[in-house]
Amino acid sequence: MVSIVKNFWVPPYFALNSECKPRFPVHVQCLGSGDSPVLSADSVRVNGVSSVGEKERNGSLIDVGNGRLGSSAGEKKKGDDVVPEKLEVLWDDGYRTQTVKDYLDSSKEMVRPDGGPPRWFCPVECGCPLKDSPLLLFLPGMDGIGLGLILHHKALGKVFEVRCMHIPVYDRTPFEDLVTFVEITVRLKHASSPNKPIYLVGDSFGGCLALAVAARNPTIDLVVILANPATSFGRSQLQPLLPLLEALPDGLHITVPYLLSFVMGDPMKMAMVNIESTLAPAAVLEQLSGNLTALLPRLSGLADIIPKDTLLWKLKLLKSAAAYANSRLHAVTAEVIVLASGKDNMLPSGDEAQRLSSSLRNCTIRYFKDNGHTILLEDGINLLTIIKGTCKYRRSRRHDFIMDFLPPSASEFKQAQERNGWFHFVTSPVMFSTLEDGKIVRGLAGVPNEGPVLLVGYHMLLGFELVPLVEEFLREKNVLVRGIAHPELFTQKTANQSPEFSLFDLIKVFGAVPVTASNLFKLFSTKSHVLLYPGGAREALHRKGEKYKLFWPDQPEFVRMAARFGAMIVPFGVIGEDDVVELVVDYDDLMRIPVVNDYIRKSNQDNIRLRGEMSGEVANQDFYFPGLLPKIPGRFYYLFGKPIQTKGREKMLKDKQNANELYLQIKSEVERSMAYLVEKRKEDPYRGIIERTVYRATSAPIHQVPTFEP
């Protein structure tokens, strides 16, 4: 039976904006109910006032996603009720617009007792998701409020139907009944959309809840994300202190929230959420001081969120939850991501992540060494970025690298620039392109803005040129270049080699896809800008004395595919590796060392081999890390050649000889571009880092430092 609370009290956090359409209703599913009704306009009240005006009462309301309603009464305005189908490049994900202060302020309204059971709600910031977005259920930690994703609502709401679980402060529902409550929602959604995954995000206690649901529903397609899961509660650092909490007088309980706030999270990380890392140290210190001053007085509100009786109940609930989940780990078949903090003072989350990884069938770990227990409320964590970087976002049973891809947001681009700022400072990349009339100009004006476009070029040592290239296309043209990468970078083995969020994750966020004919086909069909290195790993791991030498296969592998879609082919050359590092130990050197060569062979034994039908070095390059010595840095130079039109030449290029001639022309253009740059860089007065540093200190940012005249 469904229980609908009349005159249901809605805090200002969920207040409806009368000027914003479509509107936000409150979805309520009560414990023991199999349905998920929408409260009627008359039954939803904000601070005692009906949330829907007279105009809306005269018409019906229709659901347009993420629990938002549009009115069918009267004429619709253009753009109303339109469900978006894709995100634009550098979209606004709302990162750093909400902080822990907002969490505490909103929680103050949510803790008012209403006598109701656990329920689902959808935060208003989530907005309207993309078409066919999967469901995401957030299962809260000890607080039970359900606002633990407040920093991530806007981003997640763009690509998920977000529902957050709220457990009232004085609710005493046993753990197994909470599992049943979540399970009912999961099964109903699965019944209505059997081919879509359902995401369960479990924070601490919620992690136990998510694992329990996954264990009881092994045939449902679930993606489980665990943030410092409480499955390790039995080994908690706080176990010796728990008896003291029971004996603590009521008058002293007001001090417990302050103590728990420092145990559960890092106040500095929480206060840093909305502070730009690029600010001057004095400005950072000023903002940090202001944030801490605003945050600390609000911590007293934790006494209302977790009063003494509730705290003792939650600790008992945690104990039973951990035991229940741990006894059923063997039954979990879902994909699992574990987010583990290195400074978790409440649980041994780092060790627990390793234990879960060995106990679960399909588990990926991402380790954040500087974060505390409340990781989802701290700076430096963007949950959607982690989901994208681990290739876990999908709308169907299998992940599609093209159709499920979400372009990088403005905040992700900014963070990538900050992360790679030292590399830009050292290499100061400068790019040239060739116009239709053959004139070489600085910048990317010669590269077409509209796809499909295929960029074909030289792969420098270790792919040093890749990050500056992708970032410059985004900065100057607002165009995302989708790199074609070796499939080995996308395997579970590679993902597990680097538990921290790494460069491998970042290149996936920025659009890298495994090299397959079907992926190239889909990229061209979606009019993308595609980056291809025919020399692949052999070029990026070249030997001593082989810099700027192409190792391309004999077959014109990409020409006919490009012609089929009328893609523009832009050959390019890039130089500068010899101005940054000296290659002192290469593959041949390492393979002459007895112990090392066995290690290289063993580590590459099960790797994916491309071009298996071919022989020679291009087909069989092993992965290894060469020995390098840094130099006083020079500069990176790129030259994009004149675009080659394939539109209208499809029939001609079906002929193998014609296709091979064009292939050799492209290869020759790449070699010519590199030879041109090697000579012209001698004329660059700012080739050295010292000259560039002096110029930057007095004149311009890094991308405006002058260079030679082309």
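As the structure is a prediction and not an experimental result, all values here were calculated from the model.

Some thoughts on the overall build of the protein
Within the protein one finds 26 helices and 23 strands. Counting every atom, the protein has about 30,200 Å² of accessible surface; 55% of that belongs to carbon and sulfur.

A closer look at the packing of helix H4 (residues 175-192) against helix H5 (residues 205-216)
Following both chains from N to C, one finds H4 and H5 inclined at 60 degrees, their axes separated by 9 Å at the closest point. Viewed along their axes, H4 and H5 adopt a mutual orientation that is oblique. The element H4 and its partner H5 pack so that their crossing is right-handed. For the pair H4 and H5, contact is made by Phe175, Leu178, Val179, Thr180, Val182, Glu183, Val186 and Arg187 and by Phe205, Cys208, Leu209, Ala212, Val213 and Arg216, respectively.

Side note on the layout of surface pockets
In this structure, the second largest pocket encloses a volume near 950 Å³. What lines the second largest pocket is a set of 26 residues, among which Lys86, Leu87, Pro407, Thr526 and Ser528 lie closest to the centre. Taken together, the residues of the lining of the second largest pocket break down into 10 nonpolar, 6 polar and 10 charged. Three or more residues apiece are contributed to the lining of the second largest pocket by two domains, here domain 1 (100-390) and domain 2 (410-579 + 632-697).

With respect to empty space enclosed by the protein
A full pass over the atoms with the stated rule returns 8 cavities of 30 Å³ or more. Contributing to the lining of the second largest cavity are 14 residues, with Lys388, Cys391, His399, Phe405 and Lys508 lying nearest its centre. For the lining of the second largest cavity, the class distribution of residues is 8 nonpolar, 2 polar and 4 charged.

Let's talk about the nonpolar core
In terms of nonpolar packing, the biggest core is built from 107 residues, with Phe160, Phe175 and Val182 touching the most fellow members. Looking at this core, the element that brings in the most residues is H5, giving 9 residues. Composition of this core by domain shows at least three residues from each of domain 1 (100-390) and domain 2 (410-579 + 632-697). Not counting the four nearest positions on each side in its chain, Val182 is found in contact with Trp120, Leu137, Leu139, Met165, Leu209 and Val213. Counting 68 residues, the second largest nonpolar core, distinct from the first, contains Leu454, Phe473, Leu532 and Ala659.

Some details on the side chain of Arg395
Here Arg395 is to be found in the loop between helix H13 (383-389) and helix H14 (410-419). The exposure class of Arg395 is buried, given its relative accessible area of 16%. A distance of 2.8 Å separates a polar side-chain atom of Arg395 from the backbone oxygen of Met403. Residues in contact with Arg395, not counting those within four places in the same chain, are Leu130, Lys131, Asp132, Pro134, Asn195, Lys196, Pro197, Met403, Asp404 and Leu406.

Description of the pairing of strand S7 (residues 135-139)
Among the 5 residues that make up S7, 5 are buried, leaving the element largely enclosed by the rest of the structure. With burial as the criterion, each face of S7 is covered, one bearing Leu135, Leu137 and Leu139 and the other bearing Leu136 and Phe138. Between S7 and its parallel partner strand S8 (residues 161-166), the chain crosses via helix H3 (residues 153-159), and the hand of that crossover is right-handed. Alignment of S7 against strand S9 (residues 198-203), held across 5 bridges, turns out to be parallel. The residue of S9 that forms the bridge with Phe138 is Val201.

Examining the sheet that holds S8
Read across the sheet, 7 strands follow the order S6-S8-S7-S9-S10-S11-S12 without closing on themselves; strand pairing throughout is mixed. This sheet does not close on itself; its edge strands, each paired only once, are strand S6 (119-121) and strand S12 (363-368). Neighbouring strand axes in the sheet, compared pairwise and without regard to direction, differ in orientation by 20 degrees on average. Sheet topology note: the S7/S8 ladder contains 4 bridges and is parallel.

With respect to the packing of aromatic side chains
Counting across every chain of the model gives 21 aromatic pairs. Ring centres of Tyr458 and Tyr548 lie 5.9 Å apart, and the angle between their planes is 70 degrees; this geometry places the pair in the edge-to-face category. One end of the pair, Tyr458, is in the loop between strand S15 (453-457) and helix H16 (466-477); the other, Tyr548, is in the loop between helix H20 (536-540) and helix H21 (559-564), and 90 residues separate them in sequence. For the pair formed by Tyr458 and Tyr548, the shared burial category is buried. Seen in terms of ring centroids, Phe473 and Phe640 are 5.6 Å apart; in terms of plane orientation they differ by 80 degrees. Their pairing is edge-to-face. Here Phe473, found in helix H16, pairs with Phe640, found in strand S22 (residues 637-640); they are 167 residues apart in sequence, far enough to count as distant. By the ring-pair criterion, three or more aromatic residues cluster together here, those being Trp422, Phe423, Phe464 and Phe636.

Regarding H4
Here H4 spans 26 Å end to end across 18 residues, near enough to the 26 Å set by a 1.5 Å rise per residue. All buried positions along H4 are accounted for by Phe175, Leu178, Val179, Phe181, Val182, Glu183, Thr185, Val186, Lys189 and His190.

Considering helix H12 (residues 349-359)
The periodicity of an α-helix, 3.6 residues per turn, causes residues three or four places apart in sequence to face the same way. For H12, the complete set of buried residues consists of Ser349, Glu352, Ala353 and Leu356. One side of H12 carries all its buried residues, which in axial view fall inside an arc of 105 degrees. Along H12, exposed side chains directed more than 90 degrees from the buried face belong to Asp351 and Ser358. Residues of H12 that are buried sit in contact with strand S10 (222-227), helix H11 (308-326), strand S11 (335-341) and S12.

Structural notes on the side chain of Glu412
Checked against the element boundaries, Glu412 lands in helix H14. For Glu412, the side chain forms a polar contact with the main-chain nitrogen of Ser409, separated by 2.8 Å.

Side note on the confidence of the model for the protein
Looking at the protein as a whole, its pLDDT mean stands at 83, while 78% of the residues score no less than 70. In this model, residues 1-28 is a region of pLDDT below 50 whose contacts with residues beyond four sequence positions or in other chains number 92 contacts.

A closer look at the pattern of salt bridges
One pass over the structure, following the stated rule, counts 29 salt bridges. Put simply, Arg395 and Asp404 hold a salt bridge, and the shortest N to O gap is 3.6 Å. The salt bridge partner of Arg681 is Asp578, with a shortest N-O separation of 2.8 Å. Taken as a pair, Arg681 in the loop between helix H25 (656-680) and helix H26 (689-698) and Asp578 in the loop between strand S19 (568-575) and strand S20 (581-585) lie far apart in primary sequence, 103 residues in all. Judged by its relative accessible area of 6%, Arg681 is buried.

Observations regarding the environment of Gln605
Inspection of the secondary structure assignment puts Gln605 in the loop between helix H23 (594-603) and strand S21 (627-630). A relative accessible area of 60% means that Gln605 is categorised as exposed. Along the backbone, Gln605 and Asp622 are 17 residues apart, and their C-alpha atoms lie at a distance of 9.0 Å.

Reading the values: the criteria
Residues numbered from 1 in each chain as written. Predicted model: local features only at pLDDT ≥ 70, side-chain atom pairs only at ≥ 80, totals over all residues. Heavy atoms only, no water. Helix = DSSP H or I, 4+ residues; strand = E, 2+ residues; numbered from the N terminus. Areas by Shrake-Rupley, 256 points an atom, 1.4 Å probe, with all protein chains shown as cover. Axes fitted to C-alpha atoms, helices over the stretch in contact; angles between N-to-C directions. Parallel < 35°, antiparallel > 145°, perpendicular 65-115°, else oblique. Left-handed = near helix turned anticlockwise from the far one by under 90°. Contact = heavy atoms within 4.5 Å. 1 Å grid on protein atoms, 1.4 Å probe; cavity = no way out; pocket = protein on both sides within 12 Å on 5 of 7 lines; lining within 4 Å. Points joined across faces, edges and corners; volume = space filled by probe spheres on them. Nonpolar A, V, L, I, M, F, W, Y, C, P; charged D, E, K, R; others polar. Domains from an automatic or database assignment. Core = buried A, V, L, I, M, F, W, Y, C linked by side-chain atoms within 4.5 Å. Buried < 20%, exposed > 50% of the residue type's maximum accessible area, 1.4 Å probe, protein only. Polar contact = N/O pair within 3.5 Å; in protein donor to acceptor, adjacent residues only side chain to side chain. Right-handed = clockwise from strand over helix to strand, strands pointing away. Pairing = 2+ DSSP bridges. Phe/Tyr/Trp six-rings, centres within 6.5 Å; stacked < 30°, edge-to-face > 60°. Expected span 1.5 Å × (residues − 1). Arc of directions from axis to C-beta. pLDDT = per-residue confidence, 0-100. Salt bridge = Lys/Arg side-chain N within 4 Å of Asp/Glu carboxyl O.

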